[in-house]
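Each chain, written out:
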Amino acid sequence: MPDTALQRPSGLDTAPLLTPLAELLRAWLPRQRWFAGKGRPVTDVTLLSTTELYPGCLHLLVRTEHLGPPSHGSADSPAAEDCYQLLLGVREVLPPRLAPAAIGRVKTGPLAGLTVYDAFHDPKATGLLLERLRRSGTAGPLLFEADPAVTVPSGLAPRLLDAEQSNTSLIYGDAFILKVFRRVQPGINPDLEVPRALARQGCDRVPAPAAWFRTTQPQEATLGVLQPYLRGATDGWALALESLRSRQDFTGEAFELGRATAEVHLALATAFPVDAPSPDRNRRLAEAMHERLDAAARSVPELRPHAPGLRSAFDALAALDAAVRPAQRIHGDLHLGQVLRAGRRWSVIDFEGEPARPISERRRVQSPVRDVAGMLRSFDYAARSRQPWRPEWAERCREAFCAGYADAAAWDPREEPELLRAYETDRAVYEVLYEARHRPDWLPVPMAAVGRLADRS
Ligand SMILES: Nc1ncnc2c1ncn2[C@@H]1O[C@H](COP(=O)(O)OP(=O)(O)O)[C@@H](O)[C@H]1O
Ligand SMILES: O=P(O)(O)O[C@H]1O[C@H](CO)[C@@H](O[C@H]2O[C@H](CO)[C@@H](O)[C@H](O)[C@H]2O)[C@H](O)[C@H]1O
């Protein structure tokens, strides 16, 4: 059984409801920002679970099949499957304010003649979802769990977060934010697991989950997490761009960000103790990096001429003795968009890891250098996203970030140059694939880094 998509339970006859819906969803899903199979037609939609949250509002888990990642040079791509979480509203007539949320009018079956829409746009539906979350309880296969130490007031006004994101988030009264995972995978999502564990450690760099919901059918999976909303916070990406625009110094911020990252790593190391590392860890790590490069180069032909140079970074890692920082739980997708500054303090959010990887892989221990490399790549992204390109800005931020990290962690990531280069290379390869799939206009940004990293061989 693949560990990336929930499997359909046997014996569930959902055909009467699903058949007419499936046609609408096949057209609607690929247009959603959070849909992972971008640009590839959905070939099948099946229903994994359906729960009526209240009359006119259905919670669905659907399994989709679409053609796999386009592999250049081959017309046939193997089918890929995923599971998505939907909240569907059903109305006779959609009021104009909900028109952008329309999925379509159902032609046959029990919902014939009615219009279905994405109910995360409907304050009535999302208000009732918060009511469910305020106290622990169940609705069909859905389990709602609340931290008894936190009071979530009733009646907080919901608004949908208007942001480019991989999931869907709702802000309630500027007091709480609910992240609803769109692509659902079996297992506990690290974005619930890690912040809960850090909260137990007393780490205040990460907003602590106040409530969450999950399903047990067809398998255990995390569906959403409610956390305190950091009012007035600005993300690191916006602050970095503003610094580049106004030519104001960012090294103080980068230093503090390095400190915050190190503090989170120290708390993670305590929260998730690990066994002694295996002696051939660097070799296996390098192998995995080579494999990710192989896969990315199959999808993005522009990578191919750089592959030999990139591989030299992985070979240098494989040749290292085992004496590197011990692996531990890390953030896994750290970049400037994942850090928020409220007042003078940095907080770290979104511990989901790289969304394209299976949860089992994202929960594995890894070197903390991987997070450091993610943030260093992000300084480069910011510096390259504007004209004129400002490489010296990124360079200063790198140094300040590492110095701040060393200040709090008592070890300096710059002392691990082979590891850092291998992880920066691996991250740049991931970014090339991510941009090719999600934001092709951005592809030149990681491609520039790929060229530079390959030339260092
Ligand atoms: N606790 C929070 N307080 C304030 N804003 C938040 C908080 N958590 C997330 N956000 C905002 O929501 C955005 C999306 O959150 P994120 O967890 O990164 O979602 P995704 O994984 O779907 O991209 C963030 O970029 C940030 O602007
Ligand atoms: O949606 P997530 O925040 O979990 O992360 C994914 O999307 C990010 C873009 O929104 C992407 O980040 C890349 O672009 C950022 C600028 O928009 C840059 O700061 C990052 O360094 C760069 O990796 C991220 O890779 C992806 O997983």
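Residues numbered from 1 in each chain as written. Chains lettered and ligands numbered in written order. Predicted model: local features only at pLDDT ≥ 70, side-chain atom pairs only at ≥ 80, totals over all residues. Heavy atoms only, no water.

- The name given to the chain in an unreviewed UniProt entry is Maltokinase, with the source organism recorded as Streptomyces populi.
- Listed in UniProt under the heading Sequence similarities (unreviewed entry), the comment for the chain reads: "Belongs to the aminoglycoside phosphotransferase family."
- Here is the UniProt Catalytic activity (unreviewed entry) comment for the chain, exactly as written: "D-maltose + ATP = alpha-maltose 1-phosphate + ADP + H(+)". (UniProt positions renumbered as here; feature names shortened; annotations may be inferred.)

1. Here's the deal with the overall build of the chain
Then, number 1: Along the chain, the regular secondary structure elements total twelve helices and 15 strands.
Then, number 2: Taking 23 Å as the expected radius of gyration for a compact globule of 457 residues, we find that the chain reaches 23 Å, a close match to that expectation.
Then, number 3: Overall, the chain is about 65 × 55 × 45 Å in size when its C-alpha atoms are taken along their principal axes.
Then, number 4: Counting the 457 residues in the chain, one finds 54% classified as buried. (Helix = DSSP H or I, 4+ residues; strand = E, 2+ residues; numbered from the N terminus. Rg over C-alpha atoms; globule rule 2.2 N^0.38 Å. Buried < 20%, exposed > 50% of the residue type's maximum accessible area, 1.4 Å probe, protein only.)

2. Focus on the site of ligand 2
Then, number 1: For ligand 2, the set of nearby residues contains 15 residues, the closest of which are S166, S378, Y430, E431 and Y434.
Then, number 2: Interatomic distance of 2.5 Å between a side-chain N/O atom of S166 and an oxygen atom of ligand 2.
Then, number 3: Taken by itself ligand 2 offers 540 Å² of open surface, and the protein chains cover 91% of this.
Then, number 4: Elements supplying a minimum of two residues to the shell around ligand 2: α9 (369-384) and α11 (417-438).
Then, number 5: Among the elements that take part in the shell around ligand 2, α11 stands out by supplying four residues, more than any other.
Then, number 6: Of the residues belonging to the shell around ligand 2, the class tally is six nonpolar, four polar and five charged. (Near = heavy atom within 4 Å. Polar contact = N/O pair within 3.5 Å; in protein donor to acceptor, adjacent residues only side chain to side chain. Areas by Shrake-Rupley, 256 points an atom, 1.4 Å probe, with all protein chains shown as cover. Nonpolar A, V, L, I, M, F, W, Y, C, P; charged D, E, K, R; others polar.)

3. Some remarks on the packing of α9 against helix α12 (residues 444-455)
Then, number 1: Two numbers describe how α9 lies on α12: the axes approach to 9 Å, and their chain directions differ by 120°. Seen from above, α9 lies across α12 with right-handed handedness. Mapping the contact onto sequence places R377, D380, Y381 and R384 in α9 and V445, P446, A448, A449 and R452 in α12.
Then, number 2: Residue classes in the contact of α9 with α12 are distributed as five nonpolar, no polar and four charged. (Axes fitted to C-alpha atoms, helices over the stretch in contact; angles between N-to-C directions. Left-handed = near helix turned anticlockwise from the far one by under 90°. Contact = heavy atoms within 4.5 Å.)

4. What to know about the confidence of the model for the chain
Detailed reading of the predicted model is not advised wherever pLDDT is low.
Then, number 1: Model confidence for the chain is summarised by a mean pLDDT of 91, while 93% of its residues fall at 70 or above.
Then, number 2: Low pLDDT, under 50, characterises residues 71-76; the stretch is placed with eight contacts to residues that sit more than four places away or in other chains.
Then, number 3: Quick note on the complex model: pTM equals 0.92, ipTM equals 0.98. (pLDDT = per-residue confidence, 0-100.)

5. Brief notes about the site of ligand 1
Then, number 1: The local shell around ligand 1 holds 16 residues, among which Q165, N167, K179, L230 and D350 are the closest.
Then, number 2: In this structure, an oxygen atom belonging to ligand 1 sits 3.1 Å away from a main-chain N or O atom of S166.
Then, number 3: One of the side-chain N or O atoms of Q338 is found 3.5 Å from an oxygen atom in ligand 1.
Then, number 4: By residue class, the composition of the shell around ligand 1 is eight nonpolar, five polar and three charged.
Then, number 5: A domain split of the shell around ligand 1 shows at least three residues from each of domain 1 (15-228) and domain 2 (234-455). (Domains from an automatic or database assignment.)

6. Description of α9
Then, number 1: The first and last C-alpha atoms of α9 sit 22 Å apart over 16 residues, in line with the 22 Å expected at 1.5 Å per residue.
Then, number 2: In terms of burial, α9 is a largely internal element, 16 of the 16 residues being buried. (Expected span 1.5 Å × (residues − 1).)

7. With respect to the state of the cysteines
Then, number 1: Inspection of every chain in the model, using the stated rule, returns zero disulfides.
Then, number 2: In this model C203 remains outside any disulfide bridge; the closest cysteine sulfur is found in C402, 20 Å from its own.
Then, number 3: Its sulfur unpaired, C402 is 11 Å from the next cysteine sulfur, which belongs to C397. (Disulfide = S-S within 2.5 Å.)

8. Side note on the domain arrangement of the chain
Then, number 1: Annotation of the chain at the domain level lists domain 1 (15-228) and domain 2 (234-455).
Then, number 2: Distance between the C-alpha centres of domain 1 and domain 2: 29 Å.
Then, number 3: Counting from both sides, the interface comprises 31 residues of domain 1 and, opposite them, 32 residues of domain 2.
Then, number 4: Summing the contributions of domain 1 and of domain 2, the shared interface buries around 2600 Å²; its carbon and sulfur component is 51%.
Then, number 5: For the pair domain 1 and domain 2, the number of links is six salt bridges.
Then, number 6: Between D204 and R345 there is a salt bridge, and its shortest N-O distance comes to 2.7 Å.
Then, number 7: In this assembly, domain 1 and domain 2 are joined by 13 residue pairs in polar contact (both at pLDDT 80 or more).
Then, number 8: It is helix α3 (residues 190-200) that provides the largest number of residues to the side of domain 1 that touches domain 2, a total of seven residues. (Buried area = accessible area lost by both parts, 1.4 Å probe. Salt bridge = Lys/Arg side-chain N within 4 Å of Asp/Glu carboxyl O.)

9. A word on the side chain of D412
Then, number 1: Structurally, D412 can be placed in the loop between α10 (391-409) and α11.
Then, number 2: A polar atom in the side chain of D412 sits 2.8 Å from the side chain of R414.
Then, number 3: In this view, D412 contacts C402 and A406; residues no more than four positions away in its chain are not counted.

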